[in-house]
Amino acid sequence: MTRVSLDTDTARRLRDGMAQGVLSFPLTSFHEDGSLDPDGFRAYVAAQLATAPGALFPACGTGEFFSLDEDEYRQIVSIAVEESGGRVPVVAGTGYGWAQAVRFARIAEEAGADALLVLPHYLIAAPQDGLVAQLEHIAARTGLPLIAYQRGQVAFTVASLKRIADIPNVIGLKDGHSDLDRLQRLTLAAPEDFLFFNGALTAEIQARAYATVGVPAYSSAVHAFAPEIANAFFAALQAGDHGTVDKLLRDFYVPLVELRDRVPGYSVSLVKAAARLRGRPVGPVRAPLTDPSAADLADLRTLLTAGLDLAGAAL
């Protein structure tokens, strides 16, 4: 395959958005009985967009992609596209094996998404040739640009990065491994216009470290429930205000990570609980995730109140 220019409208808009704000990964709204709440999701996405994120990534990990059926996925992506109205790029998640990923990709394309984030494939470890082939199969069957996501069982070598960068519509890589030695090698080997962003859990913790290897853009789970805090951190980081960055890290982000690490799955369910504390209509998580215990919820409320106070906002 011949490399095509990454200077497309979508890539340019993503590049500009990544420089101007954090990347929003909206939660998916459910009713108390676990059914999809489209109206709640629409209201929630509208509130997210009002805080000027760099891009919108619906139906990804934070949005519980793994628990959505195809009809629900179609509704979520369609609502995100409608609410965005072209203001920011909409990058929908897709995943599982390539055949199923293509089914979701086609739905996203029909719904008007601008690009796709290819989540790590299901369950099994795979050799590098297979990781590359997964993206080749998806890319050959959709007209949308793709961003690969390396995390868990997916970790690209430099040689594989060069191969996926040669796939015509693969435009970038989200990194969730936080191996900065490997990441530096990948950024140096990639085409100059290839997009990279920090997709670590609670990415702000490592934002400065990622920036040192040329990856300043990041996704923010905190933006899903407290955009005031996320935007205050982003502004301080951009301005080189390390005093404010350190204070936010010390007094909010590090305690949040310690709370998040108490129970598997809190990287999503704690975020959703925090959004509910803010009055956002997101509802509970779906199994196999579980909502936080009463004790953890009380600690979350205390921490969230303190974090919002640091950002000059209120619960």
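Relevant structure appears above.
Residues numbered from 1 in each chain as written. Predicted model: local features only at pLDDT ≥ 70, side-chain atom pairs only at ≥ 80, totals over all residues. Heavy atoms only, no water.

Digging into the overall build of the protein chain
Put simply, the rule reads: Strands are runs of DSSP state E lasting at least 2 residues, helices are runs of H or I lasting at least 4, and numbering of each runs from the N terminus. Here the term buried applies to any residue with accessible area under 20% of the maximum for its type, exposed to any over 50%, and partly exposed to those in between, with areas from a 1.4 Å probe on protein chains only. Two residues qualify as a contact provided that any one of their heavy atoms is within 4.5 Å of a heavy atom in the partner residue.
Each helix and strand in the protein chain was counted, giving 12 helices and 7 strands. Its C-alpha atoms give the protein chain principal-axis dimensions of roughly 55 × 45 × 35 Å. Residues classed as buried in the protein chain amount to 52% of the 315 residues present. By sequence separation, contacts in the protein chain at least 24 residues apart represent 73% of the contacts at least 6 residues apart.

What about the packing of aromatic side chains?
Going by this rule: Each Phe, Tyr or Trp ring, with Trp reduced to its six-membered ring, pairs with another whose centre is within 6.5 Å; inter-plane angles below 30 degrees give stacked pairs, above 60 give edge-to-face pairs, and intermediate values give tilted ones. Here, a charge over a ring is recorded when the distance from Lys NZ or Arg CZ to the ring centre is within 6 Å and its angle to the ring normal is within 35 degrees.
Using the criterion set out here, one finds 12 aromatic pairs in the structure. Arranged with centres 4.5 Å apart and planes meeting at 10°, the rings of phenylalanine 25 and phenylalanine 57 form a pair that is stacked. Here phenylalanine 25, found in the loop between β1 (23–24) and α2 (38–49), pairs with phenylalanine 57, found in the loop between β2 (55–56) and α3 (70–84); they are 32 residues apart in sequence, far enough to count as distant. Residue phenylalanine 25 is classed as buried on the basis of its relative accessible area, which comes to 5%. The positively charged end of lysine 174 is found above the aromatic ring belonging to tyrosine 149, 4.2 Å away from the centroid.

Thoughts on the nonpolar core
Cut-off, in case you're wondering: Take the buried Ala, Val, Leu, Ile, Met, Phe, Trp, Tyr and Cys residues and link them wherever side-chain atoms come within 4.5 Å; each set so joined is a nonpolar core.
Membership of the largest hydrophobic core comes to 71 residues, with the highest contact counts inside it found for Phe57, Tyr73 and Leu117. Top contributing element to this core by residue count: helix α4 (residues 98–111), with 7 residues. In this structure leucine 117 touches Phe25, Phe57, Cys60, Val91, Ala92, Gly93, Thr94, Ile147, Ala148, Tyr149 and Lys174, once residues within four positions along its chain are discounted. Of all hydrophobic cores here, the second largest spans 35 residues; its members include Val222, Ala224, Ala236 and Tyr266.

Regarding the packing of helix α11 (residues 266–277) against helix α12 (residues 294–310)
Under the convention used in this document: Throughout, an axis means a line fitted to C-alpha atoms (over the contacting stretch in the case of helices), and angles, computed between N-to-C directions, take values from 0 to 180 degrees. Left-handed describes a crossing in which the near helix is turned anticlockwise from the far one by less than a right angle; the clockwise case is right-handed. Residues are sorted three ways: Asp, Glu, Lys and Arg are charged, Ala, Val, Leu, Ile, Met, Phe, Trp, Tyr, Cys and Pro are nonpolar, and all the rest, Gly among them, are polar.
Interhelical geometry of α11 versus α12 gives an angle of 65° and a closest axis separation of 10 Å. Crossing angle aside, the handedness with which α11 passes α12 is right-handed. Residue-level inspection shows Tyr266, Leu270, Ala273, Ala274 and Leu277 of α11 in contact with α12, the latter providing Asp296, Leu297, Leu300, Arg301 and Leu304. When grouped by side-chain class, the residues that make up the contact of α11 with α12 number 8 nonpolar, no polar and 2 charged.

Brief notes about the environment of glycine 265
Within the element layout of this structure, glycine 265 appears in the loop between α10 (242–260) and α11. Sequence-wise, glycine 265 and proline 288 are 23 residues apart; in three dimensions their C-alpha atoms are separated by 8.6 Å.

Some points on the side chain of glutamate 72
Operational definition: In the analysis that follows, any N or O atom pair within 3.5 Å is treated as a polar contact, provided that within protein one partner can donate a hydrogen and the other can accept it, and provided that, for residues neighboring in sequence, both atoms belong to side chains.
As for its position among the elements, glutamate 72 is in helix α3. For glutamate 72, the side chain forms a polar contact with the side chain of arginine 286, separated by 2.7 Å.

Some remarks on the packing of α4 against helix α5 (residues 128–139)
Orientation of α4 relative to α5, taken along the N-to-C sense of each, is 35°, at an axis distance of 9 Å. Relative to α5, the crossing made by α4 is right-handed. Residues Trp98, Ala101 and Val102 of α4 touch α5, and the partners they reach there are Gln134, His137 and Ile138.

Concerning the pattern of salt bridges
The condition is simple: By definition, a salt bridge exists where a carboxyl oxygen of Asp or Glu is found within 4 Å of a side-chain nitrogen of Lys or Arg.
Across all of its chains, the model carries 16 salt bridges by this definition. A salt bridge links arginine 262 to aspartate 296, with the nearest nitrogen and oxygen atoms 2.6 Å apart. Residue arginine 262 is found in the loop between α10 and α11, and its partner aspartate 296 is found in helix α12; the two are separated by 34 residues along the sequence. A relative accessible area of 45% places arginine 262 in the partly exposed class. Residue class for aspartate 296 comes out buried when judged on its relative accessible area of 9%. In this structure, aspartate 291 engages arginine 276 in a salt bridge whose closest nitrogen and oxygen atoms are separated by 3.6 Å. You can see aspartate 291 sitting in the loop between α11 and α12 and its partner arginine 276 sitting in helix α11, a full 15 residues away along the chain. Residue aspartate 291 is classed as partly exposed on the basis of its relative accessible area of 32%. Taken together, the shared-partner salt bridges in this structure form one network comprising Arg42, Glu82 and Glu83.

Things to note about the sheet that holds strand β5 (residues 146–150)
Counted only if it meets this: In this description, strands pair whenever DSSP reports at least two bridges between them.
Overall, parallel pairing links the 5 strands, which are arranged β3-β4-β5-β6-β7 in an open sheet. Looking at which strands have only one partner, the edges of the open sheet turn out to be β3 (91–94) and β7 (195–198). The mean inter-strand angle of the sheet, taken between neighbouring strand axes irrespective of direction, is 25°. Note: strand β4 (residues 115–118) against β5, 3 bridges, orientation parallel. Each bridged residue has a counterpart across the sheet, and for valine 118 the counterpart in β5 is alanine 148.

Read these as geometric descriptors, not functional statements.
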